[in-house]
Amino acid sequence: FFSRRFGKSYAGVTYQLSKYVTHPFGSYTVSNTVFGFFTHYFTRTVSVSLLGGPEHYTSWAETTEKSSAWTPAAQASVGWQVRRASIAASFVHVVSGAGGLIGTFHSDTGGLNAHMMLSRRWGAGGHVEYSHYKNLTTTPLQFGYFPGGDTISGGVGVQRSIRESLQLEADYVHLHQDYGNVTSGQNLHDTNEVILGISYQFHRPLGR
């Protein structure tokens, strides 16, 4: 990651390496992406970021040879942030896995996140995300071929700060998946999850 500031804007380049593996039927995807990016702050609270560049990916499975290709990748986001609240929207177009489906996929994902501090110790937020996947595997795999599909998820959560370094969190998430060519033994159902978490943060400046 490298960036330079120009007035109210930042420009630079970032490199990203990703690897996706499925199990127990092994399929593998490795991608290398170089993004040029530009971020502009219209005001102290509103900003827009654009990223784009070439992505090289390699995919293979237990029964297929490696195949590689180049493809364009892009990301965009817009954010609004004040002292007690923030809203961010984003869009990502990259090569990735697909939430456990076997193979290599082009993914288009859009999301919206919001968070607000209700008091000095309490916070709440919510998010919604939509993803569309398209299989890039040219040779059907021995253990199945999945053309892709759609995932929609959303959730809400609350956070409680016990002290500066200790935080409790509770989240509810709903997930809906719709993929083609899924066998009867792999039927997908909507899922509801309740997640409870505790986090502790420790930091100390280097050289002290």
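About the criteria used
- For every chain, the first residue of the written sequence is number 1, and numbering continues from 1 onward in sequence order.
- Residues qualify for local features only when their pLDDT is at least 70, as the model is predicted, and side-chain atom pairs are given and counted only at 80 or more; totals for whole chains, interfaces and linings, by contrast, use all residues.
- No hydrogens and no water enter the side-chain calculation; it runs on all heavy atoms of the structure.
- Like charges are joined within 9 Å and nonpolar side chains (Val, Leu, Ile, Met, Phe, Trp, Tyr) within 5 Å, but only among residues with over 30% relative accessible area and no salt bridge; these make up the patches.
- To be clear on the numbers: accessible area is Shrake-Rupley with a 1.4 Å probe, and residue cover counts the displayed protein chains and nothing else.
- Counted as salt bridges are all cases of a side-chain nitrogen of Lys or Arg within 4 Å of a carboxyl oxygen of Asp or Glu.
- Elements are defined by DSSP. Helices are runs of H or I of four residues or more, strands are runs of E of two residues or more, and each kind is numbered from the N terminus.
- At least two bridges found by DSSP between two strands is the condition for calling them paired.
- Using a 1.4 Å probe on the protein chains alone, a residue whose accessible area is under 20% of its type maximum counts as buried, one over 50% counts as exposed, and one in between counts as partly exposed.
- N or O atoms closer than or at 3.5 Å make up a polar contact, with two conditions inside protein: a donor-capable atom paired with an acceptor-capable one, and, for residues adjacent in sequence, both atoms drawn from side chains.
- Here, two residues are considered to be in contact whenever any of their heavy atoms come within 4.5 Å of each other.
- Each aromatic pair joins two rings of Phe, Tyr and Trp (for Trp, the six-membered one) with centres within 6.5 Å, and gets the label stacked for planes under 30 degrees apart, edge-to-face for over 60, and tilted for any other angle.
- Distance and angle both matter: a charge sits over a ring if NZ of Lys or CZ of Arg is within 6 Å of the ring centre and within 35 degrees of the ring normal.

Asks: Sorry, what's going on with a nonpolar patch on the surface here?
Replies: A contiguous nonpolar surface patch, about 480 Å² in accessible area, is contributed by Phe2, Val13, Tyr15, Leu17 and Val34. In terms of residues, the nonpolar patch owes the most to one element, strand β2 (residues 9-21), which gives three residues. Tracing the backbone shows valine 34 in strand β3 (residues 27-41).

Asks: Even after reading the chapter, I still don't get the pairing of strand β7 (residues 101-117), so can you show me in this structure?
Replies: Regular strands place their side chains on alternate faces of the sheet. Bridge analysis of β7 against strand β8 (residues 122-135) gives 13 bridges, and the strand direction is antiparallel. Bridge pairing in β8 places glycine 111 opposite glutamate 129.

Asks: I keep staring at the side chain of serine 31 and nothing clicks. Help me out?
Replies: Among the structural elements, serine 31 can be located in strand β3. When its relative accessible area of 1% is taken as the criterion, serine 31 is described as buried. Among the polar contacts made by the side chain of serine 31, one reaches the side chain of glutamate 55 at a distance of 3.4 Å. Once residues lying within four places of it in the same chain are set aside, the contact partners of serine 31 are Gln16, Leu17, Ser18, Glu55, His56, Tyr57 and Val95.

Asks: Looking at this model, I keep getting lost on the environment of glycine 123. Mind explaining?
Replies: With respect to the helices and strands, the residue glycine 123 is situated in strand β8. Between the C-alpha atoms of glycine 123 and valine 158, which are 35 residues apart in sequence, the distance is 5.6 Å. What glycine 123 contacts, discounting residues up to four positions off in sequence, is His115, Met116, Met117, Leu118, Gly157, Val158 and Gln159.

Asks: Just checking my understanding: could you explain the environment of arginine 160 for this structure?
Replies: For arginine 160, the location among the structural elements is in strand β9 (residues 148-163). Judged by relative accessible area, arginine 160 falls into the partly exposed class, the value being 29%. Apart from residues no more than four positions distant in its own chain, arginine 160 is found in contact with Arg121, Trp122, Leu166, Gln167 and Leu168.

Asks: What exactly am I supposed to notice about the packing of aromatic side chains here?
Replies: We describe a pair of aromatic rings using the distance from one ring centre to the other and the angle between the two ring planes. Throughout the structure, instances matching the rule amount to four aromatic pairs. Measuring from centroid to centroid gives 5.4 Å for phenylalanine 1 and phenylalanine 37, while their planes differ by 10°, and the two rings are stacked. Of this pair, phenylalanine 1 sits in the segment before β1 (2-6) while phenylalanine 37 sits in strand β3, and the two are 36 residues apart along the sequence. Taking the relative accessible area as the measure of exposure, phenylalanine 37 reaches 11% and is therefore buried. Against the face of tryptophan 60 rests lysine 66, its NZ or CZ located 4.5 Å from the ring centre.

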